[in-house]
Amino acid sequence: YAHGTDRALQLLLMRILGQGRGSELLSADDEMLEIDIFFRRMNWKAGVSDEIQKMPTDARAICEAYCDGVNAALEKKQPWECRLLGYRPEPWRIEDIFILSRMLGYLTLAQSQGEMERLLVEMVHAGISEEKLHELFPGILQDMDVDLIKKIKLKERIISPASLWNTGAAPLMASNNWVVSGTRTASGKPMLANDPHLETNRLPNVWYEAVLKTPDRYLMGGSMPGMPGIFIGRNPDIAWGVTYAFMDATDSWVEYCKDGRYYREPNRWEAFNQRKETIQRKKKAPVDVVFYENEHGVLEGNPYEPGYYLATRWAPSDGGAAGMTGILQIWSAKTVEEGMALVGPIESAWNFVLADTAGNIGYQMTGRMPKRREGISGFVPLPGWDRQNDWQGFVDYTDLPRCINPASGIIATANQDLNKFGNAAPLNVMMGPYRADRIQDLLSQGDKLTCEDMYKIHFDVYSLQARDFMKVLVKCLPDTPQAEILKNWEYSYNADSEGAYLFEAFYKELYEEVFGSSGFGNGALNHLQAHTGIITDFYLNFDRILLSEKSAWFNDKSREHIYTRAAERALSRDPRPWGEARQVLLSHILFGGRLPRFLGFDRGPITIIGGRATPHQGQIYESAGRLTTFAPSYRMVIELADDAIHTNLCGGPSDRRFSKWYCSDLKNWESGKYKQLRTEETEKHYPF
């Protein structure tokens, strides 16, 4: 009911997109048609009825009650924007919950993994040498058949993530979470912190805070409008936080097609399942789209035109029952082990850290990891006609990375390589270790940690990545005032740092020097930086090359020569404070940027501090005509010695522009002030 009252516009827009009905209800332009085709291709409604039946009776009853609450709120009052759009919302159904949960696990998260695998194919087509490919993707190119990959017919990309950012679909990128045992805290009880790095310059925020209470129990933390449950938060006994895991759960197969069929050994031609979708368009003729599907997913191409095409499948695409059940039943969990058993079977890929009042801490990766034949990473597209390349079920969650009560008393995840904690190795490309290492270092320095120490880590802008690059760069710097700024820089991305500004200018020039004209081509490199999550997420693959003493990508030039050339260009500009060019507006989910500022739908500007590799991550991109940011959207600290959560939110509880709750927590978020969520019914704990 609270979601339906405070966030009705947000949850209705997300459902419209997930159903692929944007052209029918929002806009009939060509870009929206492409977005609809993207969502219809994903087909997130498939198998939902079966998943609902798999849920235990109590979990299904909660979902039904949730839908009743949303519908009661919508019957009482619908967003006025619906009248403007000529849209009369249908009742909220459990099927809608599942569509949104699948969107949450895929958009710009698992999607970026598929982009990286697509990049490999495009690089092979561009003639980049195998030596360079193996350097960029070390140890994961098993059984790569370059000649076969060159035969693949690639269509123009259906839709870029950048275009999705122009809709109500929120980009999700990265996060930090960590937990420390009571041996390291002032209270003697564990502490847990989380700060999901999502798009911050959108109103309303992705998160909706809630405190749920029964006579003998409570549940509080961050929820997602459109879905029941608390995704990050606590009950009286345990706390949990989440980051994305970057599990490789997306594979592509090469299909040999003709006459609408695909080849399977030995000597068989099989027909695709054909799914016809009709996309209605405002004041325009409807568009029919046919998708061709087999056991390997959806085909990218027309099988009636002979040739080799890719078919791609995302493992969680037909799941959801286990994930929804686990999130709902965590209400009753009392120990870390119980919590791990509940969240472990979740189909999409997350890193959960947990703590309980008995003093235990734990980590559990979730996700449907495909079982592949021995020695295959899943990164390279393999022949679909060879049955040994098919998935052979899924890895049990107890074999995924996990641990309980490590000797250090610290567990920190920041989208880094965590394969060492599992019997299976679900990660083959991931983010750099810099944020996680910095958090680990800061936590290791204290044994009487408090909430204030956690707050400081949330706002830490020191970059281990910059430190590593500066060890090489400092020897290549000229004798200029700009160079002196870099030499004296302490690797922090605070708002007034000129060193951060100059280093980022150098880092961009270094990319162009190594991966630009003599690699991808400057046009392709600019596309990767501006319109995909590839460099945003997977900069570690590129950093390994840039920090190497020698590389095939250097084209017989020395590393010092390359750094010197990049520095000359970067330092030719006047230095500026890092925060000066990092001011962004918070734009309304529907009208953002299209209404006069004085109407108050857009707010700000706010300054985004930090960089890609600092604990307080701060990334800004201009894509599809608008700025998008990746920074801490929500900060949460839980001290298990007290029945509270300490938080601040980039925005407020309501999506109603004229509500006093529209941006009620924004000043706290900017200043670093943390409010408290408690079960007591008093406003003294909510200083908005």
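Residues numbered from 1 in each chain as written. Predicted model: local features only at pLDDT ≥ 70, side-chain atom pairs only at ≥ 80, totals over all residues. Heavy atoms only, no water.

Focus: the environment of Arg435
- With respect to the helices and strands, Arg435 occurs in helix α14 (residues 434-444).
- Measuring from C-alpha to C-alpha, the distance between Arg435 and Ala412 comes to 9.3 Å, with 23 residues separating the pair along the chain.
- The contacts of Arg435, once residues within four sequence positions are left out, are Ala174, Ser175, Asn176, His197, Ala414, Asn415, Arg612, Ala613, Thr614, Pro615 and Gln617.
- Within the local environment of Arg435, its side chain forms a polar contact with the side chain of Asn176, the two groups lying 2.5 Å apart. (Helix = DSSP H or I, 4+ residues; strand = E, 2+ residues; numbered from the N terminus. Contact = heavy atoms within 4.5 Å. Polar contact = N/O pair within 3.5 Å; in protein donor to acceptor, adjacent residues only side chain to side chain.)

Observations concerning the sheet that holds strand β16 (residues 361-365)
- Pairing within the open sheet is antiparallel, and its seven strands lie in the order β4-β5-β6-β7-β15-β16-β18. Single-partner strands in this sheet number two, and they are β4 (208-214) and β18 (402-404). Across the sheet, the mean angle separating the axes of adjacent strands is 15° when strand polarity is ignored. (Pairing = 2+ DSSP bridges. Axes fitted to C-alpha atoms, helices over the stretch in contact; angles between N-to-C directions.)

As for the pairing of strand β10 (residues 268-271)
- Looking at chain direction, strand β9 (residues 261-264) and β10 are connected through four bridges and run antiparallel. Each residue of the ladder has a partner; that of Arg261, found in β10, is Ala271.
- Where β9 folds back onto β10 in an antiparallel hairpin, the turn is made up of three residues, including Asn267, whose phi is positive at roughly 60°.

A word on the packing of α14 against helix α16 (residues 464-473)
- Put simply, α14 and α16 touch, their axes get as near as 8 Å, and they point 105° apart. With respect to α16, the axis of α14 lies roughly perpendicular. In contact with Tyr434, Asp437, Arg438 and Asp441 of α14, α16 contributes Leu464, Gln465 and Asp468.
- Among the residues making up the contact of α14 with α16, the classes are represented as two nonpolar, one polar and four charged. (Parallel < 35°, antiparallel > 145°, perpendicular 65-115°, else oblique. Nonpolar A, V, L, I, M, F, W, Y, C, P; charged D, E, K, R; others polar.)

What about the packing of aromatic side chains?
- In the structure shown here, the tally under the stated rule is 43 aromatic pairs.
- Geometrically, the ring pair formed by Phe469 and Phe503 is edge-to-face, given 6.3 Å between the ring centres and 65° between the ring planes. One end of the pair, Phe469, is in helix α16; the other, Phe503, is in helix α18 (residues 498-520), with 34 residues separating them in the sequence.
- Its guanidinium or amino end placed over the ring of Trp553, Lys132 lies 5.1 Å from that ring's centre, counting from NZ or CZ. (Phe/Tyr/Trp six-rings, centres within 6.5 Å; stacked < 30°, edge-to-face > 60°. Lys NZ or Arg CZ within 6 Å of the ring centre and 35° of its normal.)

Describing the sheet that holds strand β21 (residues 603-607)
- Spatially, the three strands line up as an open sheet ordered β3-β20-β21, and their pairing is mixed. Edge positions in the sheet fall to β3 (202-203) and β21, since each of these pairs with one other strand and no more.
- Where strand β20 (residues 583-588) lies against β21, three bridges are found, and the strand directions are antiparallel. Residue pairing for β21: Val584 is matched across the bridge by Ile606.

Describing helix α4 (residues 30-42)
- The end-to-end C-alpha distance of α4, which contains 13 residues, comes to 19 Å, matching closely the 18 Å that a straight helix rising 1.5 Å per residue would cover.
- Most of α4 is tucked away, with ten of its 13 residues classed as buried.
- For α4, the set of buried residues is Met32, Leu33, Ile35, Asp36, Ile37, Phe38, Phe39, Arg40, Arg41 and Met42.
- Of the residues one or two after α4, Asn43 is the one with positive phi, at around 55°. (Expected span 1.5 Å × (residues − 1). Buried < 20%, exposed > 50% of the residue type's maximum accessible area, 1.4 Å probe, protein only.)

Examining the pairing of strand β2 (residues 191-198)
- Within β2, eight of the eight residues are buried, which leaves the element mostly enclosed by the surrounding structure.
- Every second residue of β2 is oriented toward a common face, with Met191, Ala193, Asp195 and His197 on one face and Leu192, Asn194, Pro196 and Leu198 on the other, all of them buried.
- Strand direction decides the pairing type here: β2 and strand β24 (residues 634-639), joined by four bridges, are antiparallel. Across the sheet, the residue bridging to Asn194 is Met636, located in β24.

Focus: the nonpolar core
- The biggest cluster of nonpolar side chains holds 181 residues, and the ones touching the most others in it are Phe137, Phe503, Phe515 and Phe520.
- A per-element tally of this core places helix α8 (residues 94-125) first, with 17 residues.
- Beyond its immediate stretch of four places on either side in the chain, Phe515 contacts Phe520, Gly521, Leu525, Phe542, Ile545, Leu546 and Trp553. (Core = buried A, V, L, I, M, F, W, Y, C linked by side-chain atoms within 4.5 Å.)

Considering the pattern of salt bridges
- Here the structure, examined in full by the defined rule, presents 40 salt bridges.
- Of the charged contacts, one joins Asp390 and Arg264 as a salt bridge, the two residues approaching to 2.8 Å between their closest N and O atoms. A residue pair is termed long-range when its members are at least 10 positions apart, and Asp390 in the loop between β17 (382-383) and β18 and Arg264 in strand β9 qualify at 126 residues. Both residues of the pair, Asp390 and Arg264, count as buried.
- Note that Arg569 and Glu513 form a salt bridge whose closest N and O atoms lie 2.9 Å from each other. Of this pair, Arg569 sits in helix α22 (residues 559-570) while Glu513 sits in helix α18, placing them 56 residues apart in sequence.
- Look at the salt bridges and you will find they share partners, linking Arg15, Arg21, Glu24, Glu90 and Asp96 into a network. (Salt bridge = Lys/Arg side-chain N within 4 Å of Asp/Glu carboxyl O.)

Nothing here speaks to function; it is all geometry.
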